[in-house]
Amino acid sequence: MKPWVSLVARLVLGGVMLVAGALKVTDPETAAQAVRAYELLPSALVEPVGWGLPFLEIAIGLLLIVGFGVRASAVAAGVFLVVFIAAVSSAWARGLSIDCGCFGGGGQVAPGQTKYLQEILRDAGLLVLAGWLWLNPVSKFAVVSEPDPEPQGVTAP
């Protein structure tokens, strides 16, 4: 049953990463604007992060969807999600009124138009999927199936 659950986790997490990156890659200026709105990075890093982030999201999404390097891709997605959760939490705690820019757009919004809790809960759910895939990388229909780790207490001859 685990390989089927891992397949679903792979496709959902990979699909979200792919769509998020694809929606941003077509408008890098807006992606940079979304990064700038968080007020976390020095201005010299805003453009490179805004332009590069979508390509990394697309790469991670594609790797997960096809099932190549699942464990490493899940770790990369997990790191992204932890950073996204921290950034959204920081914006919320500092009273900023911004759209997360997770699926394109981003930047300032009217007070009361933020969706911080929903964004954090969504990313936490995706982080659970990344954790599942880190623990259970073997899945159906993967291009490269990673070997199961040896059971505890059993040593190779």
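Every chain's residues receive numbers from 1 upward, in the order its sequence appears when written. Two thresholds apply to this predicted model, a pLDDT of at least 70 for residue-level local features and 80 or more for giving and counting side-chain atom pairs, whereas whole-chain, interface and lining totals are computed over all residues. With hydrogens and water stripped out, all remaining heavy atoms of the structure feed into the side-chain values.

Chemist: Can you walk me through the overall build of the protein chain in this structure?
Modeler: Under the DSSP-based scheme used, a helix requires at least four consecutive residues in state H or I and a strand at least two consecutive residues in state E, with every element numbered from the N terminus. Scanning the protein chain for helices and strands turns up five helices and two strands. The linear arrangement of helices and strands in the protein chain, starting from the amino end, is α-α-α-α-β-β-α. Taken over the C-alpha atoms alone, the protein chain extends approximately 60 × 30 × 25 Å along its principal axes. Partly exposed describes any residue whose relative accessible area lies between the buried limit of under 20% and the exposed limit of over 50%, with all areas from a 1.4 Å probe on protein chains only and scaled to the type maximum. Across the 157 residues in the protein chain, those meeting the buried criterion constitute 40%.

Chemist: Sorry, what's going on with the packing of helix α4 (residues 70-93) against helix α5 (residues 116-135) here?
Modeler: If you want to describe how two helices pack, look at the angle between their axes and the distance between the axes. Their axes nearest at 8 Å, the elements α4 and α5 cross at an angle of 160°. Judged by the angle between their axes, α4 and α5 are roughly antiparallel. Here α4 and α5 pass one another in a crossing that is left-handed. Its residues assigned to classes, the contact of α4 with α5 comprises 20 nonpolar, two polar and three charged. Here an axis means a line fitted to C-alpha atoms, over the contact stretch when the element is a helix, while the angle between two N-to-C directions is reported on a 0 to 180 degree scale. Orientation is classified from the angle alone, with under 35 degrees giving roughly parallel, over 145 giving roughly antiparallel, 65 to 115 giving roughly perpendicular, and any other angle giving oblique. Crossing chirality is assigned from the near helix's rotation relative to the far helix, an anticlockwise turn below a right angle marking it left-handed and a clockwise turn marking it right-handed. All amino acids are sorted into three groups, where Ala, Val, Leu, Ile, Met, Phe, Trp, Tyr, Cys and Pro are nonpolar, Asp, Glu, Lys and Arg are charged, and the leftover types, Gly among them, are polar.

Chemist: Mind showing me how you'd approach the environment of Gly-107 here?
Modeler: The topology assignment puts Gly-107 in strand β2 (residues 107-108). On the accessibility criterion, Gly-107 (1% relative accessible area) is buried. Residues Gly-107 and Ala-74, spaced 33 residues apart in sequence, show a C-alpha to C-alpha distance of 28 Å. Contact between two residues is taken to exist if any of their heavy atoms lie within 4.5 Å; hydrogens are not considered. Those residues in contact with Gly-107 that lie beyond four places of it in its chain are Gln-33, Ala-34, Ala-37, Ser-97, Ile-98 and Asp-99.

Chemist: Explain helix α3 (residues 43-66) here, please?
Modeler: Side chains of residues three or four places apart in an α-helix project in the same direction, reflecting 3.6 residues per turn. One less than the residue count of a helix, multiplied by 1.5 Å, gives the span that helix is expected to have. With 24 residues, α3 extends 36 Å from end C-alpha to end C-alpha; this agrees with the ideal 34 Å at 1.5 Å per step. In this scheme, the bend at a residue equals the angle between the axes fitted to the seven residues that finish there and the seven that begin there. Val-49 marks where α3 bends most, by close to 30°. Turning to α3, its buried residues are Val-46, Gly-50, Leu-53, Pro-54, Glu-57, Ile-58, Ile-60, Gly-61 and Leu-64. Here the buried face of α3 lies against α1 (2-25), α2 (28-37), α4 and α5. Positive phi shows up at Gly-67, right after α3, with a value of about 80°.

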